[in-house]
Amino acid sequence: MQQIINFILRYKNFLLYLFLMLLCIGFTIQSHSYHQSHFFNSSSWISGNIYETSSGITSYFGLKKENKKLVEENKRLRLLLLNTKNVDSVALDSTQMAYTITTGKVIKNSYSGHRNYITINRGLRDSVKPDMGVITPQGLLGIVENVSEKYATVQSILNEKSSINAKLKHTNHFGSLKWDAKAYNLVQLVDIPRLVPLTVGDTIVTGGMSSIFPENIPIGVIQKFDLDNSKSFWRIQVALFNDMTNLKNVYVVRNLERQEILELQEETETND
């Protein structure tokens, strides 16, 4: 307490000057509308910048939560697209669903070898099983091959063993989607008859002849095409929509009717 009193006594003239100056400024602002307006504008500018900075910091730390909400919203919309041909529908009856979706993230990705695989953070505990399709917001990615309790490996479309039914979107002619292991951004669509008209830029999508993928999942566009050795079929270079070097969010697609389809096909083949 004595130190405070000593400080005031030592600087009494300066403190008196500071008090009188602030008092004068206050009277000036109150008595002149221009100064008053200028003062409050400056105050608003300072507080506005503080609030903007604070909001920016809060938004940054809330990005993870917002991203999760967007992924879930995308999941809901993608379910609508997969399970109804009427894309204007705003409701989805779960009793009529043919497909379900599980969201996940890529934790490891290879694209420079001949047999590339992707590891995702979803497994048996998330109802993920082998032979389920995997897609991204941009399009086709691959097929689940092996599953553990918490993780799954996905056979990428950039894999020499990969063969997926695909078609030309505008004509519905279908063939097999393969990879020649030459470029990470190109795959090949084969077995399209030479009589089918082709145009560079045409869209390639899943064909729906598989029990794994729904029809019309985007794959890419025609970059170029030429005839195979037999001169009977086109060999089409397809530029992928997915950037296979930069994968993050994925959707694991489960066909709820797959088992029934497989059993019926097996029964038919047995009876033959």
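Residues numbered from 1 in each chain as written. Predicted model: local features only at pLDDT ≥ 70, side-chain atom pairs only at ≥ 80, totals over all residues. Heavy atoms only, no water.

Chemist: What am I meant to see in the pairing of strand β10 (residues 218–227) here?
Modeler: Sheet faces and side chains relate simply in a regular strand, where the side chains alternate between the two faces. The pairing of strand β9 (residues 203–206) with β10 spans 3 bridges and is classified as antiparallel. In the sheet register, Ile204 faces β10, and the bridge partner there is Gly220. Where β10 and strand β11 (residues 233–240) come together, 7 bridges link them in antiparallel fashion. Within β11, the position partnered with Lys224 by the bridge is Gln237. Linking two consecutive strands that pair antiparallel, namely β10 and β11, is a turn of 5 residues; a positive phi of about 65° is found at Lys231 within it. (Pairing = 2+ DSSP bridges. Helix = DSSP H or I, 4+ residues; strand = E, 2+ residues; numbered from the N terminus.)

Chemist: Would you mind going over the environment of Ile157 with me for this structure?
Modeler: Position of Ile157 among the secondary structure elements: in strand β5 (residues 152–159). Of the residues examined, Ile157 reaches a relative accessible area of 2% and is grouped as buried. Distance in space between the C-alpha atoms of Ile157 and Trp179 is 7.0 Å, their sequence separation being 22 residues. The residues contacting Ile157, other than those within four sequence positions of it, are Leu140, Leu141, Gly142, Ser162, Ile164, Trp179, Val187, Leu240 and Met244. (Buried < 20%, exposed > 50% of the residue type's maximum accessible area, 1.4 Å probe, protein only. Contact = heavy atoms within 4.5 Å.)

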